[in-house]
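Remarks on the overall topology
Take a look at the letters that make up each chain.
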Amino acid sequence: MGRLFLVNLEGKSYSCRHCKTNIALCSDVVSKSFQSRHGKAYLFRKVANVYAGEKEDRMMMTGMHTVVDIYCVKCGSYLGWRYEFAFEKNQKYKEGKSVLERYKVCGPDENNYLVVAQEVEAGETDIDE
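Residues numbered from 1 in each chain as written. Predicted model: local features only at pLDDT ≥ 70, side-chain atom pairs only at ≥ 80, totals over all residues. Heavy atoms only, no water.

As annotated in an unreviewed UniProt entry, the protein chain carries the name Protein yippee-like and comes from Raphanus sativus. Recorded under Sequence similarities (unreviewed entry), the UniProt text for the protein chain is reproduced unchanged: "Belongs to the yippee family." (UniProt positions renumbered as here; feature names shortened; annotations may be inferred.)

Moving on: the overall build of the protein chain. Of the regular secondary structure elements, the protein chain holds zero helices and nine strands. Ordered by position from the N terminus, the helices and strands of the protein chain form the series β-β-β-β-β-β-β-β-β. Expressed as a percentage of its 129 residues, the buried residues of the protein chain come to 44%. Residue pairs in contact within the protein chain that sit at least 24 positions apart in sequence constitute 49% of those at least 6 positions apart. Summed over its atoms, the accessible surface of the protein chain is roughly 7,300 Å², and 49% of this surface lies on carbon and sulfur atoms. (Helix = DSSP H or I, 4+ residues; strand = E, 2+ residues; numbered from the N terminus. Buried < 20%, exposed > 50% of the residue type's maximum accessible area, 1.4 Å probe, protein only. Contact = heavy atoms within 4.5 Å. Areas by Shrake-Rupley, 256 points an atom, 1.4 Å probe, with all protein chains shown as cover.)

The next point concerns the packing of aromatic side chains. Inspection of every chain in the model, using the stated rule, returns six aromatic pairs. When the centroid spacing of 5.5 Å and the interplanar angle of 80 degrees are considered together, the rings of Tyr14 and Phe44 count as edge-to-face. Residue Tyr14 is located in strand β1 (residues 13–16), and its partner Phe44 is located in strand β4 (residues 39–44); the two are separated by 30 residues in the primary sequence. Residue Tyr14 shares its accessibility class with Phe44, and that shared class is buried. An angle of 80 degrees between the planes, with centres 6.4 Å apart, marks the rings of Trp81 and Tyr83 as edge-to-face. Its relative accessible area of 3% is what places Trp81 among the buried residues. Ring pairing ties together the aromatic residues Tyr14, Tyr42 and Phe44, which thus form one cluster. (Phe/Tyr/Trp six-rings, centres within 6.5 Å; stacked < 30°, edge-to-face > 60°.)

In structure tokens form, the structure reads like this:
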């Protein structure tokens, strides 16, 4: 195994819940109204210190997408997914953006998001079917 180089994010950021590695800046949040299998999820313009799994086509609530799962580069924990391709024209805005599952990251105030029974909020939902 080689040497690990991490990108240092300046400003308020979200970090990996397990190892506290910075993953994304608060200013890069596009939407907080996404939903995953495990609860709330946020859409980000950019993320750092992650690596991607294999591309796969996945049917989501908003249609078919080509996605890659993303993992923390330091500890290997699953964090969410990145949209590589959207088959539906009205979903193209997601391409290249990443979704972080809220229960897998710590917020800017270093609090852990607790998974509780909740209703799906109105707005975007991309739960795998």
